[in-house]
Protein chains: 2
Amino acid sequence: MDETRNLILEIANRLYDLDAEVYRLLGSGLGRVFNNSREEAIRNLADVMKQHRTSHYLRSSLALIGNMARTIPDRQERARVMGEYNEIWQLVQKLPDRFGAVDILDESLAELNQSLAANRLAGRFGPDNHLIVCIGRTYGSAGTDIGFTLADKLRINYYDTEIFAEVLERLEAKQDHVKDRSSFNFSGDLNQEPKAVESGKSLKARLREFSRYHGLSKTDAVFFNQSALICEMAQREDFVIMGRCADVVLTNHQIPHVSIFINAPFDIRVRRVMKQDGLDDKSARKFLKKLDRRHRAYCEFYTSRKWGDVVNYDLCINSASYGIDGSVQLIERLLLQK
Amino acid sequence: MDETRNLILEIANRLYDLDAEVYRLLGSGLGRVFNNSREEAIRNLADVMKQHRTSHYLRSSLALIGNMARTIPDRQERARVMGEYNEIWQLVQKLPDRFGAVDILDESLAELNQSLAANRLAGRFGPDNHLIVCIGRTYGSAGTDIGFTLADKLRINYYDTEIFAEVLERLEAKQDHVKDRSSFNFSGDLNQEPKAVESGKSLKARLREFSRYHGLSKTDAVFFNQSALICEMAQREDFVIMGRCADVVLTNHQIPHVSIFINAPFDIRVRRVMKQDGLDDKSARKFLKKLDRRHRAYCEFYTSRKWGDVVNYDLCINSASYGIDGSVQLIERLLLQK
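What you are looking at is a predicted structure, and each value in this text was computed from that prediction instead of being measured.

Peer 1: Would you mind going over the nonpolar core in detail, with residue names and values included?
Peer 2: Formed by 152 residues in total, the largest nonpolar core has its most connected members in A:L315 and B:L315. Beyond its immediate stretch of four places on either side in the chain, A:L315 contacts A:S259, A:I260, A:F261, A:L330, A:L334, B:L315, B:C316, B:I317, B:Y322 and B:L330. In terms of nonpolar packing, the next biggest core, distinct from the first, is built from 20 residues, A:C245, A:Y298, B:Y298 and B:Y313 among them.

Peer 1: Break down unusual backbone geometry for me, citing the residues and quoting the values.
Peer 2: Residues and elements named next belong to chain A. The phi dihedral of A142 is positive, around 70°, even though this residue is not glycine. Mapping A142 onto the fold places it in the loop between β1 (132-137) and α7 (143-154). Despite not being glycine, R155 has its phi angle at roughly 60°, a positive value. Its location among the elements puts R155 in the loop between α7 and β2 (157-159).

Peer 1: Account for the packing of helix α15 (residues 319-335) of chain A against helix α15 (residues 319-335) of chain B, with residues named and values stated.
Peer 2: Put simply, α15(A) and α15(B) touch, their axes get as near as 10 Å, and they point 135° apart. As summarised for this structure, α15(A) and α15(B) are arranged oblique, according to the angle between their axes. For α15(A) against α15(B), the interelement crossing comes out right-handed. Note on element contacts: α15(B) touches α15(A) through B:Y322, B:L330, B:R333 and B:L334, opposite A:Y322, A:L330, A:R333 and A:L334.

Peer 1: I'd like to hear about the environment of A:I324, residue by residue, with values.
Peer 2: Residue and element names in this part refer to chain A. Mapped onto the secondary structure, I324 falls in helix α15. Under the relative-accessibility criterion, I324 is labelled buried at 6%. Sequence separation of I324 and A228 is 96 residues, and the distance between their C-alpha atoms is 31 Å.

Peer 1: Break down the packing of helix α1 (residues 2-26) of chain A against helix α4 (residues 75-94) of chain A for me, citing the residues and quoting the values.
Peer 2: Residue and element names in this part refer to chain A. At their nearest, the axes of α1 and α4 sit 10 Å apart, and the two run at 160° to each other. Our classification of the angle between α1 and α4 gives roughly antiparallel. Handedness of the crossing formed by α1 with α4: left-handed. Contacts from L7, E10, I11, R14, L15, L18, E21, V22, R24 and L25 of α1 reach α4 at E77, R80, V81, E84, Y85, E87, I88, L91, V92 and K94. In the contact of α1 with α4, the residues fall into 11 nonpolar, no polar and nine charged.

The rules we used
- Residues numbered from 1 in each chain as written.
- Chains lettered and ligands numbered in written order.
- Predicted model: local features only at pLDDT ≥ 70, side-chain atom pairs only at ≥ 80, totals over all residues.
- Heavy atoms only, no water.
- Core = buried A, V, L, I, M, F, W, Y, C linked by side-chain atoms within 4.5 Å.
- Buried < 20%, exposed > 50% of the residue type's maximum accessible area, 1.4 Å probe, protein only.
- Contact = heavy atoms within 4.5 Å.
- Helix = DSSP H or I, 4+ residues; strand = E, 2+ residues; numbered from the N terminus.
- Axes fitted to C-alpha atoms, helices over the stretch in contact; angles between N-to-C directions.
- Parallel < 35°, antiparallel > 145°, perpendicular 65-115°, else oblique.
- Left-handed = near helix turned anticlockwise from the far one by under 90°.
- Nonpolar A, V, L, I, M, F, W, Y, C, P; charged D, E, K, R; others polar.

Now the structure itself:
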């Protein structure tokens, strides 16, 4: 306790003197940071340091003095003053309830976070864990282009909605010993979701499925099959996976992964969809709003998590700020120390 | 036109053969990607490639074949097949409306985006532009700790609410030739906002300010003074700036900067605030909700932008995934190629 009081007093006194010294050297027109009496200033600083709740004011005054000190023209004087500044900063780190002492790191989350491991291992991934990158995105944000290019650059597998639907269909077909196999299915709509797959099925087909999926609606069955497949793959290989709420599935199964959400300003997505799909402004907006609604509904139905909210991912990227290649570079750098 | 048709036909045929070859080597239980007749498969692929709207199915089948090809055990065979895969991928890049052809990059946004420039300049910033990092954050997400540590590591200035209020007050005091200066003000509440500053002022004080700020409410005057100060500083120096909607101010003045938003899951912020500010669960939640409301209101009032929505930043970071040091490393790596 006494130790802490002494530490506080030392910091307060040295900071007060540093402020005076910086002022002597620069004579800022704004006056000194502490331009009241030493006694008063020390008392203020001591009070501030005694509780974390206000200790960010210490940070502010430290920063204010440091900002000024860096502008000292004379190189030697600056070095001397910054040296004292750094020593005081070291002392502040020793305060029992210094700012920054309470980290925000969520161990359980971090454990699932490969890129943190990557930081730790100087850019290498744990040998026991596969590199799994889950990418959620809004349509028109080039998220799939980014995911595909990323997978290609990392030389790892890429899975999207169509591939998933296809692989699952074949696995089931295999289980059901269905002889004749349809070819790779190009028929799904632009942004195939189980709900979309289900629509437009005859009642007979629905009933057949209903029994076939042990009483689950096909939508649910597909989701659960996908979830099982994702976890199975995660034991075997590195991959980039688009959507499918894969991040939530993996988190629930305690499987390490990096989860990224890619979005871009609505107007820029509209502009891109117009170019890409040859739609006019009005129908592009309508189309995007519809897909966003569907994505959100799917994600929130199966995960009860808010779609696109950064707190549900490790990182959200505004692809309009970086472009496709820039975003890929950014993610690569995040994953492997480049 | 003929050229494109020929390109499409070449891609379709080589992809069909590659699929057959991969199947010959692996004999996947799931059958071939194209297990219908060559004619039918080529027709499908050609149709798909003719319009961008469906060309992502080409990407999917490409990826599906590539995923399998990477598992070919024989090293030489794999190299040969992946070579053909890459050649086909090169051809696909030549398609006039290949996927990924329409970039999402917003030139005007990118121009304001230093980290993109950093990518381009191999991690160095334009000599004519200062490095300005705008950090928005939710209270309890350790955003200020991350910002302060970042500034310290980058050896650049750090500005937060208190420093700003202080500097402005002194500038005004100077203008008004006020003789006696109060000391560095430790009196503001935990998360000082102009609105907060204003509250609890006597009517007389408000009226005096009202005339003093030329008919602007002090809240507005402070905002506009801050905006002017931010732009002035941006011409002079590198810095990290917390909040103040600085990113919007700089964007409006076409001043390059990187804008980052830091957030963390509510429960984890609650846990941290309890530790840090010694509050119980109930009051910590109440406190955070109040601050979030105030932040949102302030930001949306002055910028009419949605607070914390990634489309209004370059990047959003979930600090709970990385912790304070991890988040700082991540931003450093984003800014300077490390």
